[in-house]
Amino acid sequence: MHEEQLYRAALDGDPEKVGQLLAGGADPNAVSEGEDGGLPLCAAAARDRAEVASALLAAGADVNGRESGGWTALLWAAANGHAETAERLIEAGAD
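Since this is a predicted model, take the numbers as computed values, not measurements. By convention here, each chain's residues receive numbers from 1 onward along its written sequence. Where local features are concerned, this predicted model is filtered to residues with pLDDT of at least 70; where side-chain atom pairs are given and counted, the filter is 80 or more; whole-chain, interface and lining totals use all residues. Side-chain measures were taken over the full set of non-hydrogen atoms in the model, leaving aside hydrogen atoms and water.

In this section: the environment of Ala-77. Secondary structure elements follow DSSP: runs of H or I no shorter than four residues count as helices, runs of E no shorter than two count as strands, and numbering proceeds from the N terminus. For Ala-77, the position within the fold is in helix 5 (residues 73-79). Expressed as a C-alpha distance, the spacing of Ala-77 and Leu-89, which sit 12 residues apart in the sequence, is 8.9 Å. Setting aside chain neighbours within four positions, we find Ala-77 in contact with Ala-45, His-82, Thr-85, Ala-86 and Leu-89. Should any heavy atoms of two residues lie within 4.5 Å, those residues are counted as being in contact.

Okay, structure coming up:
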């Protein structure tokens with residue numbers, strides 16, 4: 001359940017909720033299942049949620065984690081033209 005809540009909060013760009021879920025033990029690398037699921041960091045990158053991406057990275061999110069289909073957070077950020085989020089990912093060591 002935490003996985004889906006964390007994914008949704010990342011997608012919505014809600015840093016407060018993301019912080020609460022992470023503090024409560026949510027895994028920043030857990031994949032949210034379902035049609036709209038994926039990695040929280042990829043969700044943040046796809047929607048240009050730079051602050052949320054930074055919080056997830058600080059909590060141990062794998063900067064090079066891949067969703068099904070091979071997409072990484074950096075690919076999502078680049079594909080959508082989100083320079084600030086892409087820069088944060090690159091600074092964190094994204095390939």
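Read on, since the account is not over.
Each reported salt bridge corresponds to a side-chain nitrogen of Lys or Arg within 4 Å of a carboxyl oxygen of Asp or Glu. Going through the model one piece at a time under the given rule, you end up with 2 salt bridges. Among the ionic pairs, Arg-88 bridges to Glu-84, the shortest N-O distance being 2.9 Å. One end of the pair, Arg-88, and the other, Glu-84, are both in helix 6 (residues 83-91), 4 residues apart, so they sit about a helical turn from each other.

Take the packing of helix 4 (residues 50-58) against helix 6 next. One way to put it is that helix 4 packs onto helix 6 with a least axis distance of 9 Å and a crossing angle of 15°. One way to sum up the angle between helix 4 and helix 6 is to call them roughly parallel. Helix 6 is crossed by helix 4, and the crossing has right-handed handedness. Across the interface between the two elements, Ala-50, Glu-51, Ala-53, Ser-54 and Leu-57 of helix 4 pack against Glu-84, Thr-85, Arg-88 and Leu-89 of helix 6. The nonpolar class holds Ala, Val, Leu, Ile, Met, Phe, Trp, Tyr, Cys and Pro. Asp, Glu, Lys and Arg form the charged class, and all remaining residues, Gly among them, are polar. Residue composition of the contact of helix 4 with helix 6, grouped by class: 4 nonpolar, 2 polar and 3 charged. Fitting a line to C-alpha atoms yields each axis, with helices limited to the stretch in contact; the angle taken between N-to-C directions then spans 0 to 180 degrees. Angles are sorted into four bins: roughly parallel if under 35 degrees, roughly antiparallel if over 145, roughly perpendicular if 65 to 115, and oblique for all others. Throughout, a crossing is termed right-handed when the near helix is turned clockwise from the far one, and left-handed when it is turned anticlockwise from it by less than a right angle.

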